[in-house]
Amino acid sequence: MRTVESSAHWGSFLASVDEDGELLDVRPHPDEIDPAPAIGNVAGAHRAASRVARPAVRRRWLERGPGPDETRGDPDDVYVEVDWPTALDLVAGELSRVRQQYGNSAIFGGSYGWGSAGRFHHAQSQLHRFLNRIGGYTRSVNDYSRGASMVLLPHLIGRQGDLDLRARPVSWAEVDRHTELLVTFGGLRRSNTWVVPGGHHRHLGSAAARRVGASTRVVSLSAQRDDAFADLGAEWIGILPGTDTAVMLALVWVLLTEGRADQAFLARYTVGADRVCDYVLGRADGVPKTPEWAERISRAPAQRLRALAHEMADSRALVNVVFALQRGEHGEQPIFAGLTLAAFLGQLGLPGGGFVHGFGSMGDYGNGSRRVPLPTFPQGVNPVADFIPCARISDLLLHPGERFDYDGGHHRYPHVRLAYWAGGNPFHHHQDLRRLRRALGRLETFVVDEMHWTSTARHADIVLPVASPLERDDLAAGNGDARLRASAKVVEPYAGARTEFAIFTDLADRLDADFTEGLDEAGWLRRIYQEWRAAPGSPAAPPFEEFWAAGGVDLPRIPYDDPVFAAFRADPDTNPLQTPSGRIELYSQTLAGYRQADVPPHASWLEPRRVPAAFDLHLLCNQPSHRLHSQQDMGAASQATKVAGREPVRLHPEDAAARGLGEGDVALVRSPAGSLLAGVVVTDAVLPGVAQMHTGSWFDGSAPEVADCVNGNVNVLTEDIGTSALAQGCTGAHVRVRVERYDGPLPEIRAYRPPVLVPSPAIDQPTDQPTDQPTDQPTDR
């Protein structure tokens, strides 16, 4: 037996392999102080029934040819397994046809997601490099996590200020030393500190947060008591989802009316504070934003809000707004209001004070180390100008040629005929899955590279099997990491799976494009390492052969002593922000100039859209603790969290009793967009009137007569509307629902099974199938 260290977005781990090269088990590294539970999914997912064994083509597409198809994604669709040359010829032929008939803007390069933690075998980079080499593609911009703040914050603190807020925020160590009161809107979840894009050598964020729990008072405003991990000892102020902006404005009202606002700071470092005052005090709209006003909206006790405002003014206080708050209707506003509250407190730029946007959202946020460059696989330049905000994928496919607004500009959706997706799963990230499925039906051809038969793969016309991270050599590291790792191949690729590099090499050859520049995979690993090693700003590192033999190289963790706003506060004239005024723009003339009703020029409470009264619960949809997004949902750790074999819904005891529901029952959850089945968990950790479910359960639409998803994918419930005309971010974190008891027959879960697969007459039946492949699966339906 041999043991190999491997890596994922949730950290490094050890994999044991027997003498025949078969994976035996996966376990945390012995010196990992806080291993992620998601490690427990890896072994089971490795040879799960859902692995894609061979290239497969949807039989309807194979027989009818390319074109829109409303049956795309039918759970009873049949796929024909073909050999690699046939599959690659089909993909290359479709790319050529679309380019010649419609141009490269008719190709959408998907691959939004976290498909691989590798620096080389990074699915998005591989796909985008390939598409750039054949003339470009329509791209997406921003992300689902920070889609609103990525557009808003540059208007308020400048482009560099936004970058610094992500890369050099007030650190956990600084909080430990200087912060007296940390007020966090949206909680501060331990599970999110396990996750870093690219993965960390060892988890550091949760240990740093624990130290803060011993030195700093923490107040968590959230709909869930357990949204802040226990070691922080946080006080919980329960507020309804989507009402944080109202609470923040009420805190500003207290500061203003009781003479606690820092007027000197506002005068020297901001513009527009007078306009904010007029709004908060009610002079602009006749509605004073008092704590009583906020209580009616949020349920936060008015008296507690008054006291909290006093405590913040009397302390070195830090305001944290988690990423999740922007994933809602008018999602720009809690970010705007959080920065505004911090400005009225006057502590931006002071040690341990001010504003942060990401504690409890990502494991690398606030680790206190300067970022060092990391190796990257070059994507090249995309010559196609067309783009969409990433959360507008359904609009792109459903409304070609129509206008959309984005960041003050007016754009049009191109007419996309072919989408190519690799390393991502829009059935996790995107909202209103009924609408997404209709949108995917408008494509002429949908190509997906995948390890597993995910919902995305099961909507594809051509599915190409790719090797898993355990089945390829790579480099691994995340921002702020302590080590660049050599992530060696653990086992051979499963069945007919290939690396994406091999796939795109063969496709490029068919299209007369140079994808490889004459290098194989080993050559590219050496090249990106050596280029990184020689680049200015890179740390000292040995030659590649020594690096690989040693299993990696330690990276310097140099603390930064110039967090965001520090230099600006010291001298705003010498160190202005990259805003029109050079100051923090609490009122933005630029946003005012857009003249859009849902893009106010200062932080504002915007009433949510009305929904029918029958949808009487607020459903909070947040990230899971035992998997990353939807990755490896069939794994042991993820499956251990299921209730009645489905994703659980948490209900307050009062709400459960009112609906005749008990622990372990099955509930039918409905929204205006769709319905699902979920197992019931009864807990007083959620507010009355609030339900909570995790995202990422695999979509299963095989029993539409019962529910749109019988496996509990919350995105059948969430609405596909943008945050505003400014950012067009996603709004999937909160939706109004009704919950009722379900006593009917429970449909079988088919999400983790492959579709019906039949061999092409030209090839033999595959012999290397997963060990848990259903043996009674019919050959046709």
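Above this note sits the structure.
Residues numbered from 1 in each chain as written. Predicted model: local features only at pLDDT ≥ 70, side-chain atom pairs only at ≥ 80, totals over all residues. Heavy atoms only, no water.

A. Looking closely at the packing of aromatic side chains. Evaluated as defined, the whole model comprises 27 aromatic pairs. Geometrically, the ring pair formed by Phe377 and Phe515 is edge-to-face, given 6.2 Å between the ring centres and 70° between the ring planes. With a gap of 138 residues between them, Phe377 in the loop between strand S13 (354–356) and strand S14 (387–389) and Phe515 in the loop between helix H18 (500–510) and helix H19 (521–534) connect regions that are remote in the sequence. Like Phe515, Phe377 is buried. Seen in terms of ring centroids, Tyr529 and Trp532 are 5.4 Å apart; in terms of plane orientation they differ by 50°. Their pairing is tilted. Residue Tyr529 and its partner Trp532 are located together in helix H19, separated by three residues, close to a single helical turn. Grouping residues by exposure puts Tyr529 and Trp532 together as buried. Among the aromatic side chains, those forming a connected cluster through ring pairs are Phe120, Phe130, Phe377, Tyr420, Phe501, Phe504, Phe515 and Trp524. (Phe/Tyr/Trp six-rings, centres within 6.5 Å; stacked < 30°, edge-to-face > 60°. Helix = DSSP H or I, 4+ residues; strand = E, 2+ residues; numbered from the N terminus. Buried < 20%, exposed > 50% of the residue type's maximum accessible area, 1.4 Å probe, protein only.)

B. Expanded view of the sheet that holds strand S8 (residues 181–185). Across the sheet, five strands lie side by side as S10-S9-S8-S12-S13; this open sheet has parallel pairing. Only two strands of the sheet have a single neighbouring strand rather than two, namely strand S10 (235–238) and S13. Averaged over all pairs of adjacent strands, the angle between their axes in this sheet comes to 20°, without regard to strand direction. Across four bridges, strand S9 (residues 217–222) lies against S10 in parallel orientation. Its bridge partner being in S10, Leu221 is matched across the sheet by Ile237. (Pairing = 2+ DSSP bridges. Axes fitted to C-alpha atoms, helices over the stretch in contact; angles between N-to-C directions.)

C. Representation of the environment of Phe229 in the model. Note that Phe229 resides in the loop between S9 and S10. The spatial distance from the C-alpha of Phe229 to the C-alpha of Arg190 is 5.4 Å, given a sequence separation of 39 residues. If near-sequence neighbours (up to four positions away) are discounted, Phe229 is found in contact with Leu188, Arg189, Arg190, Ser206, Ala209 and Arg210. (Contact = heavy atoms within 4.5 Å.)

D. Inspection of unusual backbone geometry at higher detail. Of note in the backbone geometry, Arg299 takes a positive phi value of approximately 80° without being a glycine. Relative to the helices and strands, Arg299 resides in the loop between helix H12 (291–298) and helix H13 (302–314).

E. Examining the sheet that holds strand S25 (residues 648–651) more closely. Reading around the circumference, S24-S28-S25-S27-S26-S29 is the order of the six strands in this closed barrel, with mixed pairing throughout. Neighbouring strand axes in the sheet, compared pairwise and without regard to direction, differ in orientation by 45° on average. Direction of pairing for strand S24 (residues 617–622) relative to strand S28 (residues 690–694): parallel, over a ladder of five bridges. The residue bridging Leu620 from the neighbouring strand is Gln692, located in S28.

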